[in-house]
Every structure is written in structure tokens, then in C-alpha cells.
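# Notes for the structure review
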Amino acid sequence: VQLQAYGGGLVQAGDSLRLSCAALGLTFRSYTVGWFRQAPGKEREFVAAIKGSGATIIYGDSVKGRFSISRDNAESTVNLQMNSVKPEDTAVYYCAAGRRLINTSMRNEQAYDYWGQGTQVTVSS
């Protein structure tokens, strides 16, 4: 199983950026996919997650209303559209996949089985 997160980069505050997570080696539609981020010196933080069917989506409080998660099961990819980015969005962003997650587990990094390598997002002020 491989998860690859990509699309990070250096942007200015207020810009938009789209991250993608590509999966190989799993029955993608059976997996919840989540995005987490970790800034230097801070704990890893939940960003957003989407169930396999796409019917259930949740967001972390700090990104609600600015970020949007979506998935394409035919392409085994999940996208994270980041709008109106802020300097505090600067972090390494990781995607993760997990099976049989109940809704209350989607924010919990311990519930995910597979992790990608992370992609750096840097937002300048």
C-alpha cells in the first residue's frame, strides 16, 4: 500500500492551493481518507476527512469554511482544496487511509492504517 501526498509549495496569504493524495494497492473506496498537518514544534493536527463513499465529511475547526475535501474513487485520489490560506496553515500535510472508521474516529490519527510521506505547505504573510 502506498499513499503519496503532493501539491505543496510556497504561497502568499490569501492564495489558494490544492493538495492531492494518490493511493496504490488498496480498495480505495473502502477507506476513509484524512488529512493531518504538523507545524514545527507542534503536535499533529486533524485537518479534514472523507468517508469512502464521500457521504461523510468533517473538518477541523481551524480550516472550516476555507478548506474543502473531495475524492475520486475511480482515480484513487483525494483532494484538499485550500482557499484563503493563512501563515498559520504552514505545516507538513499528511494524508492517511483507514478502514472501518466510525464517524467519531475520523479525527483520531490512531485510527488510520496507512500514511503518506507528507508535503510541505508554506504560507508567507
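Keep in mind it's a predicted model, so treat the numbers as computed, not measured. (Residues numbered from 1 in each chain as written. Predicted model: local features only at pLDDT ≥ 70, side-chain atom pairs only at ≥ 80, totals over all residues. Heavy atoms only, no water.)

## Quick look at the overall build of the chain
Where we set the bar: A run of DSSP states H or I qualifies as a helix once it reaches four residues; a run of E qualifies as a strand once it reaches two. Both are numbered from the N-terminal end. Radius of gyration: over C-alpha atoms. The globule rule applied is 2.2 Å multiplied by the number of residues raised to the 0.38 power. Type-normalised accessible area, obtained with a 1.4 Å probe on protein chains alone, sets the label of each residue: buried when under 20%, exposed when over 50%, and partly exposed for intermediate values.
Secondary structure summary: the chain contains zero helices and eleven strands in total. For the chain, the α and β elements follow one another from N to C terminus as β-β-β-β-β-β-β-β-β-β-β. Its C-alpha atoms give the chain a radius of gyration of 13 Å, within 12% of the compact-globule value 14 Å for 125 residues. Within the chain, the proportion of its 125 residues that are buried is 46%.

## Brief notes about the packing of aromatic side chains
Two aromatic rings, taken as a pair, are described by how far apart their centres are and by the angle between their planes. Quick note on the threshold: Planes of paired rings set the category: under 30 degrees apart is stacked, over 60 is edge-to-face and the rest tilted, where pairs are Phe, Tyr or Trp rings (Trp by its six-membered ring) whose centres lie within 6.5 Å. Definition used: whenever NZ (Lys) or CZ (Arg) falls within 6 Å of the ring centre and also within 35 degrees of the ring normal, the charge is taken to sit over that ring.
What the rule picks out here adds up to five aromatic pairs. Between the aromatic rings of Phe-36 and Phe-46, the centroid separation amounts to 5.6 Å while the plane-to-plane angle is 70°, which identifies the pairing as edge-to-face. Residue Phe-36 is found in strand 4 (residues 31–38), and its partner Phe-46 is found in strand 5 (residues 45–50); the two are separated by ten residues along the sequence. The class for Phe-46 is buried, based on a relative accessible area of 9%. Centroid distance Phe-36 to Tyr-112: 5.3 Å. Interplanar angle 80°. Geometry classified as edge-to-face. Of this pair, Phe-36 sits in strand 4 while Tyr-112 sits in the loop between strand 9 (91–99) and strand 10 (114–115); the two residues are 76 residues apart in sequence, bridging distant segments of the chain. The exposure class of Phe-36 is buried, given its relative accessible area of 1%. The ring of Tyr-94 is capped by Arg-44, whose NZ or CZ atom sits 5.3 Å from the centre of that ring. Cation over ring: Arg-44 sits above Trp-115, and NZ or CZ is 4.1 Å from the ring centre.

## Comments concerning the environment of Glu-43
In plain terms, the rule: By definition, residues are in contact when any of their heavy atoms lie within 4.5 Å.
Its place among the elements puts Glu-43 in the loop between strand 4 and strand 5. Residues in contact with Glu-43, not counting those within four places in the same chain, are Arg-37 and Gln-38.

## Focus on the environment of Leu-17
Note that Leu-17 resides in strand 3 (residues 17–24). The class for Leu-17 is buried, based on a relative accessible area of 13%. A sequence separation of 24 residues divides Leu-17 from Gly-41, and the C-alpha atoms of the two residues are 23 Å apart. Ignoring sequence-local partners within four residues, the contact set of Leu-17 consists of Gly-7, Gly-8, Gly-9, Val-11, Leu-80, Gln-81, Met-82 and Val-121.

## Here we look at unusual backbone geometry
A positive phi is found at Ser-84, a non-glycine position, where the angle reads about 50°. Within the secondary structure layout, Ser-84 lies in the loop between strand 8 (77–82) and strand 9. For Arg-100, which is not glycine, the phi dihedral falls at a positive 55°. Following the sequence through the fold, Arg-100 ends up in the loop between strand 9 and strand 10. Judged by its relative accessible area of 72%, Arg-100 is exposed.

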